[in-house]
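Residue-level listing of the chains:
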Amino acid sequence: MAQPQLKQDYVVMTVSCGHCQQKQAVHVLSGTRSWSSAYQSVVCLRCGQHFEVMFPDLIIGGPFLPPGISSPR
Ligand SMILES: [Zn+2]
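What you see is a predicted model; the values in this text were computed from it and never measured. (Residues numbered from 1 in each chain as written. Predicted model: local features only at pLDDT ≥ 70, side-chain atom pairs only at ≥ 80, totals over all residues.)

**Points about the overall build of the protein chain**
Then comes step 1: Helix and strand counts for the protein chain come out as zero helices and five strands.
Then comes step 2: Listing the helices and strands of the protein chain from first to last along the sequence gives β-β-β-β-β.
Then comes step 3: Across the 73 residues in the protein chain, those meeting the buried criterion constitute 11%.
Then comes step 4: In the protein chain, once contacts between residues fewer than 6 apart in sequence are set aside, the share between residues at least 24 apart is 52%. (Helix = DSSP H or I, 4+ residues; strand = E, 2+ residues; numbered from the N terminus. Buried ≥ 20, exposed ≤ 12 C-beta atoms within 10 Å, placed from the backbone. Contact = placed C-beta atoms within 7 Å.)

**Details of unusual backbone geometry**
Then comes step 1: Here the residue pair Gly62 and Pro63 is connected by a cis peptide bond, since its omega of 5° sits within 30 degrees of zero.
Then comes step 2: Within the element layout of this structure, Pro63 appears in strand S5 (residues 59-64).
Then comes step 3: With phi around 65°, Gln21 is a residue other than glycine that occupies positive phi space.
Then comes step 4: Tracing the backbone through its elements, the reader meets Gln21 in the loop between strand S1 (10-16) and strand S2 (23-29).

**Focus: the sheet that holds S1**
Then comes step 1: Across the sheet, three strands lie side by side as S1-S2-S5; this open sheet has antiparallel pairing. Taken across any chain shown, the strands that pair with only one partner, and hence form the sheet edges, are S1 and S5. Within this sheet the neighbouring strands show an average axis-to-axis angle of 25°, counted without direction.
Then comes step 2: The pairing of S2 with S5 spans three bridges and is antiparallel. What sits directly across from Val28, in S5, is Ile59. (Pairing = 2+ DSSP bridges. Axes fitted to C-alpha atoms, helices over the stretch in contact; angles between N-to-C directions.)

Right under this line is the structure:
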């Protein structure tokens, strides 16, 4: 029997920092719904402060600054 592949499907969600409004992307696990909606802490790429976002799925990566998102002046 082949080993089952650990397949992590994720979706990219855009969030805004509550402190500096910097938009950034996080990866959330999709499809499992094992994680009840809860505030999850993200460390802002720009100002380094924690802010909280609420997703029904677990954040598995990020934040990232995608090319399409620019820093506010
Ligand atoms: Zn920030």
